[in-house]
Amino acid sequence: MHMLSLRDEKNHGKICGVIFWRDMLGSEMRDWSLTKQEDQRALTKQDAFEGWMKIELVCTDPQYYGKRIGSLLLASALVWALKHHQNHSILHVAGGEANVPATRLYQRFGFVPKSKKDYTQPNDNIHVLEDIGSSLKNMD
């Protein structure tokens, strides 16, 4: 598990936000990815399941909403992942589509929602970023 926090030195080092992420083994991603055995056999490339990271939590102190703290944390985690040969990311949006700020943040980075039928767990509100490198290049 990896963690990054951002502190406000002008406010006595108060934590503004935090992100947790972890590496996903190819075997774990394979378990998550497809619900049908025959679909898994159709994917012959082993690397389809390699190079994944999972964003576990992104949170910002309400005092810092609107200041792009989440964007800075997410970008930093994605850069770290890319430097460690991970080019794909997956996450679960807590609260689903009703969590508009989180959904907007992830969509700005290129995460796209996936159908419930595409993943076995947790299978609700899954968003995937297929190409971290391209996403970071396209950021404003």
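Quick note: structure is the one above.
Rules used throughout
Residues numbered from 1 in each chain as written. Predicted model: local features only at pLDDT ≥ 70, side-chain atom pairs only at ≥ 80, totals over all residues. Heavy atoms only, no water. Pairing = 2+ DSSP bridges. Helix = DSSP H or I, 4+ residues; strand = E, 2+ residues; numbered from the N terminus. Contact = heavy atoms within 4.5 Å. Axes fitted to C-alpha atoms, helices over the stretch in contact; angles between N-to-C directions. Polar contact = N/O pair within 3.5 Å; in protein donor to acceptor, adjacent residues only side chain to side chain.

### A look at the sheet that holds strand S1 (residues 2-8)
Strands sit in the order S1-S2-S3-S4-S6-S5 across an open sheet of six strands; the sheet is mixed. Each edge of the sheet is formed by a strand with only one pairing partner; in this case those strands are S1 and strand S5 (112-113). Pairing between strand S4 (residues 88-92) and strand S6 (residues 126-129): four bridges, direction antiparallel. By the bridge assignment for S6, Leu91 is matched with His127. Across the face of the sheet, helix H3 (residues 69-83) comes into contact with S1, strand S2 (14-24), strand S3 (52-60), S4 and S6 while running at roughly 30 degrees to S2.

### Describing the side chain of Gln86
Secondary-structure assignment places Gln86 in the loop between H3 and S4. Polar contacts involving the side chain of Gln86 include one to the side chain of Asp23, which spans 2.8 Å. Sequence-distant contacts of Gln86, that is, excluding residues within four places in its chain, are made with Asp23, Gly51, Trp52, Met53, Trp80, Ala81 and Ile132.

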